[in-house]
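# Summary of structural features
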Amino acid sequence: MQSGVEKLTGAIVGSAREEAERIVEGARGEAQSALEAARKEAEKEYRATLERERAGLELERLRIVSDATLRSQSLILSAKEKLIASVFEEALARIREFTSTPAYEDALLRLTSEALSMAGSGDVELLANEVDANRLSRLMSRGTGKARLLAPARLSTAKINVIGGVIARSSTGRVEVDNTLDGRFSVARNTLRTEVSRILFGGGSV
Amino acid sequence: MSSEELRAIREAELQAQRIIVEAAKEGDAVRESAKRRAIEIAEEWRSRAARDVEELRSKILDEARREADRILADAEGQSRRLGEGATAGMGQAIDRVVKGVLGLS
């Protein structure tokens, strides 16, 4: 049988143990909640970091792909430009060759007549390179056939450095018609570019 | 009450105090341990984020570079084919320019 004092001391210690257990359990509960909150916060930060980085990387991906697309377009454009340029280079070489053939005389006559008709009536002088000036002089002195069309003009003593063709200039100098092959070639580079592109590559022009 | 009984009660009270003090210490230790663990957890997730971002970077950028290489290879092929395809029209185009310049068109 326990005495009254034993019961009392037992109750004091027992109550302390119960209180101690509550204290420790309370601390464990707090710790558990703190860990759970830390885990949630860390996971939230992880997801935010991944989303942010993913968005940045997506932009980088788009930049790489659009850069490649631009470079590829430029590559194709440059290939087309080269082919078009080679057409004009080859054409110019053929035109040069043509000026040394007998058939060129007809072309020169036509170019000169055109220039004269554009320059209008009156005193018009013709400027040409040395070889074409000699040709024109010969044609004008002959004065027959189509050469009669050159009659109103006179040949300038000044010579111009061109592949062929003429410049017709009124005596006042106010009207000047450039019908040289060089001038016409320059114009053709712009006006025929789309047509040349269509012939070479089909529908789409450069 | 005898002095022996009073001493026994006093000792029980002291023991109760010790038990409470020990429990408070244990509680503090549990909280401290949880704080350290929370810091470790944050570090673990940060490391995981760094590793996963690196993987994502490799995956997305490698794919982008492969796509860029494919686009450029396609363009190179297309440029070559342009040259081959244009050969047929070359003569016609040159002719067109020559005639245009000479006024034969």
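Anyway, here's the lowdown on the structure attached to this text. (Residues numbered from 1 in each chain as written. Chains lettered and ligands numbered in written order. Predicted model: local features only at pLDDT ≥ 70, side-chain atom pairs only at ≥ 80, totals over all residues. Heavy atoms only, no water.)

Of regular secondary structure, chain A possesses 5 helices and 4 strands. Each helix and strand of chain A, placed in order from N terminus to C terminus, yields the pattern α-α-β-α-β-β-β-α-α. Scaling as 2.2 N^0.38, a compact globule of 206 residues should have a C-alpha radius of gyration of about 17 Å, whereas chain A reaches 48 Å, well beyond that. Across its three principal axes, chain A shows a C-alpha extent of roughly 160 × 35 × 25 Å. A buried classification covers 37% of the 206 residues belonging to chain A. Summarising the internal contacts of chain A: among those between residues at least 6 apart in sequence, 72% fall at separations of at least 24. Of the roughly 11900 Å² of accessible surface on chain A, a fraction of 52% belongs to carbon and sulfur atoms. (Helix = DSSP H or I, 4+ residues; strand = E, 2+ residues; numbered from the N terminus. Rg over C-alpha atoms; globule rule 2.2 N^0.38 Å. Buried < 20%, exposed > 50% of the residue type's maximum accessible area, 1.4 Å probe, protein only. Contact = heavy atoms within 4.5 Å. Areas by Shrake-Rupley, 256 points an atom, 1.4 Å probe, with all protein chains shown as cover.)

Residue-level contacts link 57 residues of chain B with 60 residues of chain A. Contact with chain A buries area across many residues of chain B, yet Trp45(B), Val101(B) and Leu102(B) alone supply 12% of it, more than any other trio. Applying the counting criterion to the chain B and chain A interface returns 6 salt bridges. Across the salt bridge formed by Glu26(B) and Arg28(A), the nearest N and O atoms sit 3.4 Å from each other. Between chain B and chain A we count 9 residue pairs in polar contact (both at pLDDT 80 or more) in total. (Buried area = accessible area lost by both parts, 1.4 Å probe. Salt bridge = Lys/Arg side-chain N within 4 Å of Asp/Glu carboxyl O. Polar contact = N/O pair within 3.5 Å; in protein donor to acceptor, adjacent residues only side chain to side chain.)

So, on to the sheet that holds strand 4 (residues 176-180) of chain A. By definition, the strands of a sheet pair up through backbone hydrogen bonds, in either a parallel or an antiparallel sense. Residues and elements named next belong to chain A. Spatially, 4 strands are ordered 2-1-3-4 in an open sheet, and the strand pairing comes out mixed. Edge positions in the open sheet fall to strand 2 (153-159) and strand 4, since each of these has one partner strand only. Averaged over neighbouring strand pairs, the angle between their axes works out to 25 degrees when direction is ignored. Inspection of the sheet shows strand 3 (residues 165-170) paired to strand 4 by 5 bridges, in the antiparallel sense. In the strand pairing of strand 4, Gly165 is matched with Thr180. Against the sheet, helix 2 (residues 104-119) engages strand 1 (124-128), strand 2, strand 3 and strand 4, with an angle of about 20 degrees to strand 3. Where helix 4 (residues 181-191) meets the sheet, it contacts strand 3 and strand 4, and its direction lies at approximately 85 degrees from that of strand 4. (Pairing = 2+ DSSP bridges. Axes fitted to C-alpha atoms, helices over the stretch in contact; angles between N-to-C directions.)

What follows is about the pairing of strand 1 of chain A. Each regular strand shows side chains that alternate between the opposite faces of the sheet. Residue and element names in this part refer to chain A. Taken across its 5 residues, strand 1 has 5 buried, putting it largely inside the fold. Side chains Val124, Leu126 and Ala128 project from strand 1 onto one buried face, and the interleaved Glu125 and Leu127 project onto a second face that is buried too. Pairing geometry for strand 1 and strand 2, over 4 bridges, is parallel. Paired with Ala128 across the two strands is Lys159, which belongs to strand 2. Each parallel crossover has a hand, and for strand 1 linked through helix 3 (residues 130-142) to strand 2 it is right-handed. (Right-handed = clockwise from strand over helix to strand, strands pointing away.)

A complete count under the given rule lists 3 aromatic pairs over all chains for this structure. Note on Tyr46(A) and Trp45(B): the rings are 5.3 Å apart at their centroids and 70 degrees apart in plane angle, and the pair reads as edge-to-face. With one member in each of two chains, Tyr46(A) in helix 1 (residues 4-98) and Trp45(B) in helix 1 (residues 3-102) form a pair that bridges those chains. Since its relative accessible area comes to 14%, Trp45(B) is described here as buried. Seen from their ring centres, Phe98(A) and Tyr104(A) are 6.1 Å apart, and the 85 degrees between their planes marks the pair as edge-to-face. For Tyr104(A), a relative accessible area of 0% puts it in the buried group. In this structure, Lys80(A) is placed above the aromatic ring of Phe201(A), and the distance from its NZ or CZ to the ring centre is 5.3 Å. Geometry around Tyr46(A) places Arg48(B) over its ring, the cationic atom sitting 4.8 Å from the centre. (Phe/Tyr/Trp six-rings, centres within 6.5 Å; stacked < 30°, edge-to-face > 60°. Lys NZ or Arg CZ within 6 Å of the ring centre and 35° of its normal.)

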